[in-house]
Amino acid sequence: MGLQIYLDGKFVPEEEAKLSIFDHGLLYGDGIFEGIRMYHNRVFKLKEHLIRLYESAKTINLNIELTIEEMEEAVLETCRRNNLRDGYIRLVVTRGKGDLGLDPRKCPKSSTFIIAAAIQLYPEELYEKGLEVVTVATRRNVAEALNPRIKSLNYLNNILARIEANLAGVPEAVMLNQDGYVASATCDNIFIVKNEKLITPPVHVGILEGITRNTVMDLALEDGIEVAQEVFTRHDMYNADECFLTGTAAEVIPTIRMDGRAIGTGKPGQMTLNLIKKFRELTKVDGPRIFTEGE
Ligand code: PMP
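As a starting point, this report considers the structure included with it. Since this is a predicted model, take the numbers as computed values, not measurements. Every residue gets a number counted from 1 within its own chain, in the order that chain's sequence is written. Reporting of local features is limited, given that this is a predicted model, to residues whose pLDDT is at least 70; pairs of side-chain atoms are given and counted only at 80 or more, and all residues count toward the totals for whole chains, interfaces and linings. Only hydrogens and water are set aside when side-chain values are computed; all heavy atoms of the structure are taken into account.

### Some details on the environment of Ile211
Each helix is a run of DSSP H or I of at least 4 residues and each strand a run of E of at least 2, with the numbering of both proceeding from the N terminus. Take Ile211: it is sitting in helix 6 (residues 211-222). Classification of Ile211 by relative accessible area gives buried; the value is 10%. In this structure the C-alpha to C-alpha distance between Ile211 and Gly247, which are 36 residues apart in sequence, comes to 7.5 Å. The contact criterion used is simple: two residues touch if any of their non-hydrogen atoms lie within 4.5 Å. Other than its neighbours up to four places away in sequence, Ile211 contacts Lys45, Glu48, His49 and Arg52. The cut-offs for exposure are 20% and 50% of the maximum accessible area for each residue type, with area from a 1.4 Å probe on protein chains only; residues under the lower value are buried, those over the upper are exposed, and the others partly exposed.

### Some remarks on empty space enclosed by the protein
The way it works is a 1 Å grid over only the protein atoms, where trapped points that fit a 1.4 Å probe form a cavity and open points with protein on both sides within 12 Å along at least five of seven lines form a pocket, and then any residue with an atom within 4 Å of a point lines it. Grid points are joined across faces, edges and corners, and a volume is the space filled by probe spheres set on the points. Tallying each qualifying case throughout the model produces 3 cavities of 30 Å³ or more. There is about 80 Å³ of room inside the largest cavity. When residue character is reported, Ala, Val, Leu, Ile, Met, Phe, Trp, Tyr, Cys and Pro are called nonpolar, Asp, Glu, Lys and Arg charged, and the others, Gly included, polar. Here the lining of the largest cavity is built from residues that sort into 5 nonpolar, 5 polar and 2 charged. Contributing to the lining of the second largest cavity are Arg37, Tyr39, Phe44, Lys45, His49, Ile211, Thr212, Gly247, Thr248 and Phe279.

### Concerning unusual backbone geometry
Even without being glycine, Asn83 reaches a positive phi, approximately 50°. Mapped onto the elements, Asn83 comes out in the loop between helix 3 (68-81) and strand 5 (87-94). A relative accessible area of 54% means that Asn83 is categorised as exposed. Despite not being glycine, Asp259 has its phi angle at roughly 50°, a positive value.

### Observations regarding helix 6
Within an α-helix, residues lying three or four positions from one another point in the same direction, as the helix has 3.6 residues per turn. Between the first and last C-alpha of helix 6 there are 17 Å, a value that for 12 residues agrees with the 16 Å anticipated at 1.5 Å per step. All of the buried residues along helix 6 are Ile211, Thr212, Arg213, Thr215, Val216, Met217, Leu219 and Ala220. Among the residues trailing helix 6, Gly224 stands out with phi positive, at a value near 75°. For a helix, the expected span equals 1.5 Å multiplied by the residue count minus one.

### Topic: the site of the ligand
Close to the ligand lie 16 residues, the nearest being Arg52, Tyr155, Ile211, Thr212 and Thr248. Polar contact is the term for a pair of N or O atoms within 3.5 Å; when the atoms are in protein, one must be able to donate a hydrogen and the other to accept it, and sequence-neighboring residues count only if both atoms are side-chain atoms. In this structure, Ile211 approaches the ligand through a main-chain N or O atom, which is 2.8 Å from an oxygen atom. Thr248 places a side-chain nitrogen or oxygen 2.5 Å from an oxygen atom of the ligand. All accessibility values rest on the Shrake-Rupley procedure with a 1.4 Å probe; residue burial counts only the protein chains present in the view. For the ligand, whose accessible area on its own is 390 Å², the fraction buried by protein is 94%. Assessed atom by atom at 2 Å from the grid points, the ligand resides in the largest pocket. Nearness is judged by heavy atoms alone; a residue qualifies as near a molecule or strand once a single heavy atom is within 4 Å of it. A pocket or cavity is taken to hold a molecule when more than half of that molecule's atoms are within 2 Å of the pocket's grid points.

### Re the side chain of Asn82
Its place among the elements puts Asn82 in the loop between helix 3 and strand 5. Of the residues examined, Asn82 reaches a relative accessible area of 12% and is grouped as buried.

### Overview of the pairing of strand 10 (residues 189-194)
Burial analysis of strand 10 places 5 of its 6 residues in the buried class, which makes it a mostly covered element. Pairing geometry for strand 10 and strand 13 (residues 242-247), over 5 bridges, is antiparallel. Looking at the pairing, Val193 lines up with Glu242 of strand 13. Bridge count between strand 10 and strand 11 (residues 197-200): 3 bridges; the pairing is antiparallel. Pairing between strands is defined by DSSP: at least two bridges between the two strands are required.

### Examining the packing of aromatic side chains
Ring pairs (aromatic) are described by centroid distance and by the angle formed between their planes. Only Phe, Tyr and Trp rings take part, Trp by its six-membered ring, and two of them pair if their centres are within 6.5 Å. Stacked means planes under 30 degrees apart, edge-to-face means over 60, and tilted covers everything else. Inspection of every chain in the model, using the stated rule, returns 5 aromatic pairs. Measuring from centroid to centroid gives 5.3 Å for Phe33 and Tyr155, while their planes differ by 70°, and the two rings are edge-to-face. Here Phe33 is found in strand 3 (residues 31-39), whereas its partner Tyr155 is found in the loop between strand 7 (131-135) and helix 5 (156-168), with 122 residues between them in sequence. Among the residues examined, Tyr155 registers a relative accessible area of 21% and is labelled partly exposed. When the ring of Tyr39 is compared with that of Phe44, the centres are 5.7 Å apart and the planes differ by 90°; the resulting orientation is edge-to-face. You can call Phe44 buried: its relative accessible area is 6%. The criterion for a charge sitting over a ring is simple: Lys NZ or Arg CZ within 6 Å of the ring centre, and within 35 degrees of the ring normal. Looking at Lys45, its charged tip hangs above the ring of Phe44, at a distance of 5.9 Å from the centre. The ring of Tyr127 is capped by Arg280, whose NZ or CZ atom sits 5.2 Å from the centre of that ring.

### Here's the deal with the nonpolar core
Formed by 28 residues in total, the largest nonpolar core has its most connected members in Ile32, Val43, Met71 and Ile89. Where this core is concerned, the elements lending two or more residues are strand 3, helix 2 (46-59), helix 3, strand 5 and strand 6 (111-117). In terms of nonpolar packing, the next biggest core, distinct from the first, is built from 20 residues, Ile192, Cys243, Ile253 and Met258 among them. Among buried residues, those of type Ala, Val, Leu, Ile, Met, Phe, Trp, Tyr and Cys that are joined through side-chain atoms within 4.5 Å constitute a nonpolar core.

### Quick notes on the sheet that holds strand 4 (residues 42-43)
Within a sheet, each strand pairs with its neighbour through backbone hydrogen bonds, oriented either parallel or antiparallel. In spatial order, the strands read 2-1-6-5-3-4; together these 6 strands make up an open sheet with antiparallel pairing. Each edge of the sheet is formed by a strand with only one pairing partner; in this case those strands are strand 2 (10-13) and strand 4. Relative to strand 6, strand 1 (residues 4-7) runs antiparallel, the two being bridged by 2 bridges. Residue Tyr6 lies in a different strand from strand 6, and its bridge partner there is Ile114. For helices, the fitted line uses only the C-alpha atoms of the stretch in contact; every axis is such a line through C-alpha atoms, and the angle between N-to-C directions lies from 0 to 180 degrees. Against the sheet, helix 3 engages strand 1, strand 2, strand 3, strand 4, strand 5 and strand 6, with an angle of about 40° to strand 6.

Structural data, given as structure tokens:
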């Protein structure tokens, strides 16, 4: 059965969910999005995702037609219409239909669509064995040009890096910023553990402020772990005791090799495994319920 898509206030079958080819989301990547997960009949960190969406909108001067409360309900209803309790949600707001020029003033109304679907996960084996990454030549966008804090539809920077990872035959790439500091993976944030301390790059390095990243820092603090947002280099990654990536789709995933060097023992570390466990526990209780009955 095809999916029911939320599109500008209506639910339509996926074959009928269409936008204009003059939409500036398509012509210019002018728009924003969120990737959200639902687990166990709850939409995980929904408030946090919606706040980030509306902050991205503010920065790019995009008017979202729905209030944040209406958007929350639209997301939950999209899950209900597709009878989903576990899966992935893609929420997109485009600048809307305009002319062939790039001026956003030619786009009177933004478009919102929401897709709720089953998710393709990394295989469970990778969570047990860990994944390998390489550093790529493509640097992360500089904040002064296109701030990575905006979750925009302009993902070519990340895609160019992913092409390099593909060519190297590994699932993810480590991207550096202009100064050579570690920024993030193509669609995940990066953490290292050194001497029992958990370290992740600060937002000003030029990263997306990941919801999973912030959640993991909170979970670590709860366990009395020292957590720092500090710049670090590839040298620090090669010589870290542990490393992992975080993201809505990937969750918390151990990283055990980089540029041909084993990180730590070359196996997922104990702090990483503990955080994976704690994160999975949290997904059972966080976020608004989709269906109020029949849990
Ligand atoms: N960095 C980038 C570039 C991303 O696209 C994402 C989202 N997939 C992340 C980090 C992780 O953010 P979140 O935990 O909010 O999914």
